[in-house]
Amino acid sequence: MSTRLVNLTVDAANPGELARFWATFLGWRVAVDLPGEVDVRAPAGEGWGLDLCFVPVPGPKGGKNRVHLDLASRTPDHQAEVVGRALSLGARKIDVGQGDVPWVVLADPEGNEFCVLEPREQYARSGAVASIVVDSGDPAALAEFWALASGWPIAAREETIVGLRAPSGVGPWVEFLRNSDVKQGKNRLHLDVAPSLDGDQATEVTRLIEAGAVPADVGQGDESWVVLADPEGNEFCVLTAR
């Protein structure tokens, strides 16, 4: 028995507007539109099994996100097209100290960083989103934890980056990128996991704590989900079985 990835959740000052930016930009659809949650869902052919879930959180973004999206491109012209589409919808180019690199760093309308990558063979079957990237002080160790939490095996391992891939071999990667920056405050992007329908939330919470997670209080109150932090302090939610 194990948990699986179900959402990438994004804190937002205006969830509806930010969700519509990402839905239009990626060519996906708004699948859930509620006052407390707006979900963007990929077409079946994308191979992306997660929802982008936008939730209202007061207060502005502060500092660089520790979790961001990398977007794929097929050719240099396609990369330029993706960047142009993002800019036309309200994104902007930003400098996070990347220097002279072949990818383009942008921020969405609420300042969340994302990259449009140059063509890379590794992401040929990823769809629009190449990877969910997580900054990490110890990528190898954090990838081991998330392989257990997500059910995705480690499929690529380098000194500075370790990647998980869905068992299907399609859709985005989850990658842990070496970064020495100290985490400050609550992450504005986080992963959600859930047991399958025949699983048990409490059992899985115990299993994840035994693997190195700790309970976390982000002001969630009395909710059906359980908030934990991974071994490097990144918050994530364990949802009810589904």
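Notes on the structure in this doc start here. Bear in mind that the values here come from a model prediction, so they are computed numbers and not experimental data.

About the criteria used
- Residues numbered from 1 in each chain as written.
- Predicted model: local features only at pLDDT ≥ 70, side-chain atom pairs only at ≥ 80, totals over all residues.
- Heavy atoms only, no water.
- Pairing = 2+ DSSP bridges.
- Helix = DSSP H or I, 4+ residues; strand = E, 2+ residues; numbered from the N terminus.
- Contact = heavy atoms within 4.5 Å.
- Axes fitted to C-alpha atoms, helices over the stretch in contact; angles between N-to-C directions.
- Buried < 20%, exposed > 50% of the residue type's maximum accessible area, 1.4 Å probe, protein only.
- Arc of directions from axis to C-beta.
- Polar contact = N/O pair within 3.5 Å; in protein donor to acceptor, adjacent residues only side chain to side chain.
- 1 Å grid on protein atoms, 1.4 Å probe; cavity = no way out; pocket = protein on both sides within 12 Å on 5 of 7 lines; lining within 4 Å.
- Points joined across faces, edges and corners; volume = space filled by probe spheres on them.
- Nonpolar A, V, L, I, M, F, W, Y, C, P; charged D, E, K, R; others polar.
- Core = buried A, V, L, I, M, F, W, Y, C linked by side-chain atoms within 4.5 Å.
- Phe/Tyr/Trp six-rings, centres within 6.5 Å; stacked < 30°, edge-to-face > 60°.

**Here we look at the sheet that holds strand β15 (residues 226-229)**
Working step 1: Spatially, eight strands are ordered β2-β3-β4-β1-β13-β16-β15-β14 in an open sheet, and the strand pairing comes out mixed. The sheet terminates laterally at β2 (29-34) and β14 (214-215), the two strands that pair on one side only.
Working step 2: Both strand β13 (residues 189-195) and strand β16 (residues 235-238) contribute to a ladder of two bridges, which runs parallel. Each bridged residue has a counterpart across the sheet, and for Asp 192 the counterpart in β16 is Cys 237.
Working step 3: Against the sheet, helix α3 (residues 139-150) contacts β1 (3-12), β13 and β16, and its axis sits at roughly 110° relative to β1.

**Focus: helix α4 (residues 201-210)**
Working step 1: Restricting attention to buried positions, one finds in α4 the residues Gln 201, Glu 204, Val 205 and Leu 208. Take α4 and look down its axis: the buried residues cluster within an arc of 105°, on one side only.
Working step 2: Packed against the buried residues of α4 are β1, α3, β13, β15 and β16.
Working step 3: Two or three places before Ala 202, at the start of α4, stands the capping residue Asp 200, its side-chain oxygen 3.3 Å from that residue's backbone nitrogen.
Working step 4: Trailing α4 by a residue or two, Gly 212 shows a phi angle of about 130°, which is positive.

**Quick look at the side chain of Gln 220**
Working step 1: For Gln 220, the location among the structural elements is in the loop between β14 and β15.
Working step 2: In this structure the side chain of Gln 220 is engaged in a polar contact, spanning 3.1 Å, whose partner is the backbone oxygen of Ala 216.
Working step 3: In terms of polar contacts, Gln 220 uses its side chain to reach the backbone amide nitrogen of Val 218, at 2.8 Å.
Working step 4: Filtering out sequence-adjacent residues up to four positions away, Gln 220 remains in contact with Trp 225 and Val 227.

**Some words on the pairing of strand β10 (residues 154-157)**
Working step 1: As judged from the three bridges shared by β10 and strand β11 (residues 161-165), these two strands associate in the antiparallel manner. For Arg 157, the partnering residue across the bridge sits in β11 and is Val 162.
Working step 2: Turn length for the β10-β11 hairpin, with the two strands adjacent in sequence and antiparallel, is three residues.

**Side note on empty space enclosed by the protein**
Over the atoms, a rolling probe the size of a water molecule traces out where space has been left empty.
Working step 1: Counted under the stated rule, the structure contains two cavities of 30 Å³ or more.
Working step 2: Space inside the largest cavity adds up to approximately 90 Å³.
Working step 3: Of all elements in the fold, only β1, β4 (51-56), β5 (67-71) and β8 (113-116) reach the threshold of two or more residues within the lining of the largest cavity.
Working step 4: The greatest single-element share of the lining of the largest cavity, amounting to three residues, is contributed by β5.
Working step 5: Residue composition of the lining of the largest cavity, by class: nine nonpolar, three polar and two charged.
Working step 6: Each pocket or cavity is described by its volume, and for the second largest cavity that value is around 70 Å³.
Working step 7: Lining the second largest cavity, in full, are Val 67, Val 134, Trp 146, Phe 176, Asn 187, Leu 189, His 190, Leu 191, Asp 230, Asn 234, Glu 235 and Phe 236.
Working step 8: For the lining of the second largest cavity, the elements supplying multiple residues, two or more each, are β13 and β16.
Working step 9: Of all the elements, β13 adds the most residues to the lining of the second largest cavity, at three residues.

**Overview of the nonpolar core**
Working step 1: Counting residues in hydrophobic clusters, the biggest one holds 53 residues, and the most contacted among them are Trp 22, Leu 52, Leu 69, Phe 114 and Trp 146.
Working step 2: Not counting residues up to four positions away in its chain, the partners in contact with Trp 146 are Leu 5, Gly 151, Leu 164, Phe 176, Leu 191, Val 193, Asp 230 and Phe 236.
Working step 3: With nine residues, the next largest nonpolar core counts Ala 72, Ile 94, Val 105 and Ala 107 among its residues.

**Looking at the packing of aromatic side chains**
Working step 1: Per the counting criterion, the structure on display carries nine aromatic pairs.
Working step 2: Between Phe 25 and Phe 114, the aromatic rings sit 5.7 Å apart at their centres with planes inclined by 50°, giving tilted as the arrangement. On the criterion of sequence distance, the pair formed by Phe 25 in helix α1 (residues 15-26) and Phe 114 in strand β8 is long-range, its members being 89 residues apart. Comparing Phe 25 with Phe 114, the two get one shared label, buried.
Working step 3: Judged by centre distance (6.0 Å) and plane angle (65°), the ring pair of Phe 145 and Phe 236 falls under edge-to-face. Of this pair, Phe 145 sits in helix α3 while Phe 236 is found in strand β16, placing the two residues 91 residues apart along the sequence.
Working step 4: Note on Phe 145: relative accessible area 4%, which makes it buried.
Working step 5: Feature note: the residues Phe 21, Trp 22, Phe 25 and Phe 114 constitute an aromatic cluster, connected by ring pairs.

These figures capture arrangement, not role.
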